[in-house]
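# Coordinate inspection notes
Chain by chain, the residues:
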Amino acid sequence: MEIHQNLNFVIEILGTISFAMSGSFAAMQKRLDPFGVLIIAFVTSVGGGTVRDLLLDVPVFWMHDMIMCSVIFITCLFSMVFKSIEKKFRVTLFLFDSFGLGLFTIVGIQKGLNADLHPLICLTLGTITGCFGGIIRDILLNRIPLILRKEIYATACILGGGVFLILVKLTGLSYTFVQISTILLIVAIRTFAVKYHWQMPKFYGAEQNSEM
Amino acid sequence: MEIHQNLNFVIEILGTISFAMSGSFAAMQKRLDPFGVLIIAFVTSVGGGTVRDLLLDVPVFWMHDMIMCSVIFITCLFSMVFKSIEKKFRVTLFLFDSFGLGLFTIVGIQKGLNADLHPLICLTLGTITGCFGGIIRDILLNRIPLILRKEIYATACILGGGVFLILVKLTGLSYTFVQISTILLIVAIRTFAVKYHWQMPKFYGAEQNSEM
Amino acid sequence: MEIHQNLNFVIEILGTISFAMSGSFAAMQKRLDPFGVLIIAFVTSVGGGTVRDLLLDVPVFWMHDMIMCSVIFITCLFSMVFKSIEKKFRVTLFLFDSFGLGLFTIVGIQKGLNADLHPLICLTLGTITGCFGGIIRDILLNRIPLILRKEIYATACILGGGVFLILVKLTGLSYTFVQISTILLIVAIRTFAVKYHWQMPKFYGAEQNSEM
């Protein structure tokens with residue numbers, strides 16, 4: 001159980017760093033001042049988990065945890081100083097963001113399972129934990145909302161999270177193995193989707209993009 | 001009391017179906033993939049009630065209730081398969097959305113009254129329950145925000161909810177009768193407002209639409 | 001302690017009036033009907049404090065407090081009737097909004113300190129209390145988001161709040177004196193920033209404003 005705990009901790013830290021970086025770079029692109037960048041980095045990192053904890057009515061994870069706040073602060077500072085890494089390491093950053101998505105989705109599902117909720121509710125919590133940070137970031141920065149972009153994003157969450165739940169509930173595989181492999185699955189789905197321009201089929205015909 | 005309970009249950013289910021449908025069609029118009037449509041349908045249906053339950057600090061209604069989630073899922077699937085119904089039944093869908101508004105407004109006020117809150121706070125909770133799902137939907141989909149459209153929407157909530165509170169508090173009329181008639185009143189206000197292009201008077205002069 | 005309590009109460013009322021006015025005028029500029037103006041005034045006033053109370057898991061402050069709701073209602077009515085004051089008293093209104101920011105920031109930090117949280121978490125809560133009302137207002141009204149405007153806004157919160165925490169924790173100065181002087185500091189930072197077009201330095205180079 002000790003290893004398990006430590007692994008979860010490492011997963012949360014890595015997800016936090018990934019999203020803090022993604023938030024920082026998005027905010028710097030919009031030319032925000034340093035405190036603005038910090039706020040966006042913070043919201044992107046903790047947004048999904050905060051909504052999840054409010055829904056579960058458990059203490060919000062970052063309120064009593066200076067480690068998370070420090071990690072976000074240091075990541076944000078690092079991103080501002082080494083601004084140029086964004087262009088040189090665009091692929092690395094994309095992978096970071098995808099890892100954040102995978103890590104947080106699984107963390108969200110686990111918190112739901114711990115609260116003895118129905119697997120589909122857990123999957124919903126996982127999707128919220130993975131996606132809401134990025135959604136709030138885009139709303140605050142006036143960017144094209146995450147959910148409207150032609151990327152497999154929420155879909156990777158839901159598919160990977162579904163596989164995680166099936167493996168945990170129906171097979172005897174080691175929990176740690178299932179955890180790591182489904183995180184990699186989410187990263188893989190998203191990476192291949194972007195590389196090969198996958199799009200989910202739409203079962204409904206073409207439509208003008210007008211307001212209702 | 002038995003009939004009363006059942007009626008409330010039917011009201012919540014109908015409201016959920018109405019809003020899930022309204023969310024699904026809005027998402028399909030924006031060409032989202034099926035999981036994106038599901039997320040928007042979910043958020044539109046449960047958004048208002050979720051904010052209300054968080055404010056009341058009671059368990060969020062859909063977290064332990066698979067019926068709501070199943071209803072949303074089936075409605076969403078149905079909407080995707082029978083995409084064409086939107087054009088044929090535009091009026092029906094408008095009525096559905098108006099019924100959702102009326103149903104959820106009254107449910108929100110009732111939850112406030114059950115928590116022994118002041119009638120004006122209950123009215124606020126009713127307005128939040130009725131309107132916030134649609135507000136979040138529009139924000140996520142980058143549509144013109146609900147509150148800016150030239151429709152009597154929030155106003156129908158507030159007027160209908162006000163009448164409900166007056167009738168419940170000050171008259172001896174049967175609760176079920178008051179409930180049903182104020183829901184119909186909200187639907188009627190909204191329908192006539194759209195049909196006859198009603199607009200609330202604005203007591204203040206014309207103003208340029210500039211940013212402050 | 002009696003004076004202290006009363007001062008806090010006065011501070012909250014003044015902040016509420018300031019933000020209700022700022023919300024009302026923003027909504028009237030967008031030509032909302034009176035109920036729409038009321039909703040925006042309400043959300044601008046209570047938005048930040050609501051998010052803070054949800055995060056702290058304490059009862060949401062306006063749910064059992066008819067005074068706040070009445071104050072917002074009267075302020076909103078007053079703003080609609082005396083619409084013309086906006087142009088004549090543009091500077092007064094700017095000062096009101098800055099006072100609201102300062103007042104709410106300090107209230108938020110105090111609530112965090114009362115809950116025995118780490119000073120940096122308290123500073124975060126102060127920033128949320130000060131800024132989130134305006135952020136939600138801008139999202140609902142489809143205005144340029146607060147955080148993207150070239151104003152020292154969040155920065156004034158964070159700097160002023162930081163000074164407040166340092167003075168409270170590290171000096172023996174009277175609490176009331178620290179409270180009032182840091183509120184004035186936040187107002188001063190924002191006022192001078194707008195007057196002299198201060199901008200925070202950006203440590204990172206110019207960047208095209210493209211979407212990622």
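Computed from a predicted structure; not experimentally measured.

## Here's the deal with the pattern of salt bridges
The tally for this structure, following the rule as stated, stands at 12 salt bridges over all chains. Between B:Asp97 and B:Arg190 there is a salt bridge, with the nearest N and O atoms lying 3.0 Å from each other. Remark: B:Arg190 occurs in helix H8 (residues 175-195) and B:Asp97 occurs in helix H5 (residues 90-114); sequence separation between them is 93 residues. Overall, B:Arg190 belongs to the buried group, its relative accessible area being 4%. A salt bridge links C:Arg137 to C:Asp138; its shortest N-O distance comes to 3.1 Å.

## Let's talk about the side chain of B:Arg190
A distance of 3.3 Å separates a polar atom in the side chain of B:Arg190 from a polar atom in the side chain of B:Ser98. In this structure B:Arg190 touches B:Phe94, B:Asp97, B:Ser98, B:Leu101, B:Glu151, B:Ile152, B:Tyr153 and B:Ala156, once residues within four positions along its chain are discounted.

## Remarks on the UniProt feature "domain: Glycine transporter" (unreviewed entry) in chain A
Residue and element names in this part refer to chain A. In the numbering used here, UniProt assigns the "domain: Glycine transporter" (unreviewed entry) feature to residues 10-83 and 95-167. Annotation note: span residues 10-83, helix share 80%, strand share 0%, distance between end C-alpha atoms 25 Å. Between the first and last C-alpha atoms of residues 95-167 the distance is 24 Å; the span itself is 78% helix and 0% strand.

## What about the packing of helix H6 (residues 119-141) of chain B against helix H7 (residues 154-170) of chain B?
All names here are of chain B. Packing of H6 against H7 brings their axes to within 9 Å, and their N-to-C directions diverge by 140°. Viewed along their axes, H6 and H7 adopt a mutual orientation that is oblique. Relative to H7, H6 is oriented so that their crossing is right-handed. Contacts from Pro119, Leu123, Thr127, Gly130 and Cys131 in H6 reach Ala154, Cys157, Ile158, Gly161, Gly162, Leu165 and Lys169 in H7. Classifying every residue of the contact of H6 with H7 by side-chain character gives 7 nonpolar, 4 polar and 1 charged.

## Regarding the UniProt feature "transmembrane region" (unreviewed entry) in chain A
As recorded in UniProt, the sites labelled "transmembrane region" (unreviewed entry) are residues 6-28, 35-55, 61-81, 93-111, 117-140, 152-170 and 176-193 of chain A. Helix makes up 100% of residues 93-111 of chain A and strand 0%. Its end C-alpha atoms lie 27 Å apart.

## Quick look at the confidence of the model for chain A
All names here are of chain A. Here chain A averages 84 in pLDDT, while 90% of its residues score no lower than 70. At the level of individual helices and strands, chain A shows its lowest average pLDDT in helix H4 (residues 85-88), which scores 70, and its highest in helix H2 (residues 34-56), which scores 92. Scored below 50 in pLDDT, residues 206-212 makes 18 contacts in the model with residues more than four places away or belonging to other chains.

## Describing the packing of aromatic side chains
Counted according to the given criterion, the structure contains 12 aromatic pairs over all chains. With a centroid separation of 4.8 Å and 40° between ring planes, the pair formed by A:Phe78 and A:Phe82 is classed as tilted. Judged by centre distance (6.1 Å) and plane angle (80°), the ring pair of C:Phe164 and C:Tyr175 falls under edge-to-face. In this pair, C:Phe164 sits in helix H7 (residues 154-170) while C:Tyr175 sits in helix H8 (residues 175-195), placing the two residues 11 residues apart along the sequence. Look at C:Phe164 and you get buried, because its relative accessible area is 0%. With relative accessibility at 28%, the residue C:Tyr175 sits in the partly exposed group. B:Arg52 extends its terminal NZ or CZ atom over the ring of B:Phe61, reaching a point 5.6 Å from the ring centre.

## Examining the nonpolar core
Counting 200 residues, the largest nonpolar core has A:Trp62, A:Met63, B:Trp62, B:Met63, C:Trp62 and C:Met63 as its most contacted members. Beyond its immediate stretch of four places on either side in the chain, C:Met63 contacts B:Leu55, B:Leu56, B:Leu117, B:Ile121 and B:Leu125.

## Some remarks on a nonpolar patch on the surface
All names here are of chain B. Together, Phe73, Ile74, Leu77, Phe78, Val81 and Phe82 make up a nonpolar patch on the protein surface, roughly 600 Å² of accessible area in all. Relative to the helices and strands, Ile74 resides in helix H3 (residues 66-81). Of the residues examined, Ile74 reaches a relative accessible area of 55% and is grouped as exposed.

About the cut-offs
- Residues numbered from 1 in each chain as written.
- Chains lettered and ligands numbered in written order.
- Predicted model: local features only at pLDDT ≥ 70, side-chain atom pairs only at ≥ 80, totals over all residues.
- Heavy atoms only, no water.
- Salt bridge = Lys/Arg side-chain N within 4 Å of Asp/Glu carboxyl O.
- Helix = DSSP H or I, 4+ residues; strand = E, 2+ residues; numbered from the N terminus.
- Buried < 20%, exposed > 50% of the residue type's maximum accessible area, 1.4 Å probe, protein only.
- Polar contact = N/O pair within 3.5 Å; in protein donor to acceptor, adjacent residues only side chain to side chain.
- Contact = heavy atoms within 4.5 Å.
- UniProt positions renumbered as here; feature names shortened; annotations may be inferred.
- Axes fitted to C-alpha atoms, helices over the stretch in contact; angles between N-to-C directions.
- Parallel < 35°, antiparallel > 145°, perpendicular 65-115°, else oblique.
- Left-handed = near helix turned anticlockwise from the far one by under 90°.
- Nonpolar A, V, L, I, M, F, W, Y, C, P; charged D, E, K, R; others polar.
- pLDDT = per-residue confidence, 0-100.
- Phe/Tyr/Trp six-rings, centres within 6.5 Å; stacked < 30°, edge-to-face > 60°.
- Lys NZ or Arg CZ within 6 Å of the ring centre and 35° of its normal.
- Core = buried A, V, L, I, M, F, W, Y, C linked by side-chain atoms within 4.5 Å.
- Patch = residues over 30% accessible without salt bridge, like charges linked within 9 Å, V, L, I, M, F, W, Y side chains within 5 Å.
- Areas by Shrake-Rupley, 256 points an atom, 1.4 Å probe, with all protein chains shown as cover.

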